[in-house]
Amino acid sequence: MTKPILWTSTRTSGTIVHQMVAASGLDLDIRFISLRKGDHKTPEYLAINPKGEVAAIQIPDAGVAITEIPAMALWLADAAPESGLLPRDPIGRAKGMEWLTWCHFRMANTFYVAFQADGLLADDVAAAAKLRAAAAARGGEALAFVDAALARQPNGTLLDTPHVTAPDIFAAALLFLAGFLKLPTDHFAHLKALSAKVAAVPAIAAALAREEEIG
Ligand SMILES: N[C@@H](CCC(=O)N[C@@H](CS)C(=O)NCC(=O)O)C(=O)O
């Protein structure tokens, strides 16, 4: 059997998948590529992921690569059912997918819009600033929604599990993204507690430390 490969890049949305891989306990070959150097646009990488993005989980034995964070989370949860990355019962699993797709959508239509505002409206600095501020504010609203949901959970996790699941990893990453936009987040006590819980999972802490080392 050839090990599945996680193609990723440090300090990107690939970091979310890297944490999920770590939490799964699966033995993947983790390969970091450089977006700055354009590694993701080489013919070799495009043959693996024609989207030219990270992350991707390549499964050589099946001759496929899986992309998109919720799909990668689902594959990891199925490949490592004992990890508890997603619940196994149909309703718990659907609720897990609900949170994963919600986080994915919110990341794209709030935080990413804010990050990309300057590029999208390169010819209009004032409009770009306005778009960035509006998108960042929507990102703040998304964080408030997660924080309120967590407040209702006795275990303080999105699916109310005693352990960290894939949606918890994604939600914690959204809080991290807010830092780049300098959004005030001190009042999101429940989300901050969840992030601390995620970061304290030894395998996740090790994955994040490895990314820090690589830079
Ligand atoms: N929808 C994708 C998002 C992937 C994505 O936007 N990746 C960024 C890094 S955060 C990327 O590879 N950007 C390179 C590019 O677009 O040139 C997912 O869920 O993984």
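Shown above is the structure to which this text applies.
Throughout, residues of each chain are indexed from 1 in the direction in which the sequence is written. Two thresholds apply to this predicted model, a pLDDT of at least 70 for residue-level local features and 80 or more for giving and counting side-chain atom pairs, whereas whole-chain, interface and lining totals are computed over all residues. Think of the side-chain values as coming from all heavy atoms in the structure, minus any hydrogens and water.

Q: Would you mind showing me how to read the pairing of strand β4 (residues 64–67) here?
A: Within a regular strand, side chains alternate between the sheet's two faces. Where strand β3 (residues 56–59) lies against β4, four bridges are found, and the strand directions are antiparallel. Bridged to alanine 56 within β4 is threonine 67. Here β3 folds back onto β4, and the loop between the two strands holds four residues, one of which, glycine 63, carries a positive phi near 65°. We treat two strands as partners when DSSP finds at least two bridges between them. Under the DSSP-based scheme used, a helix requires at least four consecutive residues in state H or I and a strand at least two consecutive residues in state E, with every element numbered from the N terminus.

Q: Teacher, can you tell me more about the sheet that holds β3 here?
A: Picture the strands of a sheet paired through backbone hydrogen bonds; they go either parallel or antiparallel. An order of β2-β1-β3-β4 is seen for the four strands of this open sheet, with the pairing classed as mixed. Each edge of the open sheet is held by one strand with a lone partner, namely β2 (29–32) and β4. Put simply, the sheet's adjacent strands are angled 20° from each other on average, direction ignored. We call two residues in contact when some of their heavy atoms are within 4.5 Å. Every axis corresponds to a line fitted to the C-alpha atoms, with the helix fit spanning only the stretch in contact, and the corresponding angles, defined between N-to-C directions, vary from 0 to 180 degrees. Sitting on the sheet, helix α1 (residues 14–24) is in contact with β1 (5–8), β2 and β3, with an inclination near 155° to β1.

Q: What is the right way to read the nonpolar core from this model?
A: Considering soluble globular proteins, one finds that nonpolar side chains tend to be buried as a cluster. Counting 52 residues, the largest nonpolar core has Met20, Phe170, Leu174 and Leu191 as its most contacted members. Put simply, the parts of the chain that give this core at least two residues each are α1, β3, α3 (69–79), α4 (90–120), α5 (125–151), α6 (166–180) and α7 (189–199). For this core, the leading source of residues is α6, giving ten residues. Counting contributing residues per domain, this core is built from domain 1 (5–84 + 203–214) and domain 2 (90–201), each supplying no fewer than three. With near-sequence residues (within four places) excluded, methionine 20 lies in contact with Ile69, Ala73, Leu76, Leu85, Leu100, Ala166, Ile169 and Phe170. Side-chain atoms within 4.5 Å are what join buried Ala, Val, Leu, Ile, Met, Phe, Trp, Tyr and Cys residues into a set we call a nonpolar core. Under the scheme applied here, a residue whose accessible area is under 20% of the maximum for its type counts as buried, over 50% as exposed, and between as partly exposed, the area being computed with a 1.4 Å probe on protein chains only. Where each domain begins and ends follows an automated or database-derived domain assignment.

Q: Can you walk me through unusual backbone geometry in this structure?
A: Most peptide bonds adopt trans geometry, and most residues besides glycine take a negative phi value. In this chain, valine 54 is followed by alanine 55 through a cis amide linkage whose omega measures 5°. By the element assignment, alanine 55 lies in the loop between α2 (43–48) and β3. Backbone geometry at aspartate 160 places phi at a positive 55°, although glycine is not the residue there. With respect to the secondary-structure elements, aspartate 160 resides in the loop between α5 and α6. Positive phi outside glycine occurs at lysine 182, with the angle close to 55°. Among the structural elements, lysine 182 can be located in the loop between α6 and α7. The exposure class of lysine 182 is exposed, given its relative accessible area of 74%.

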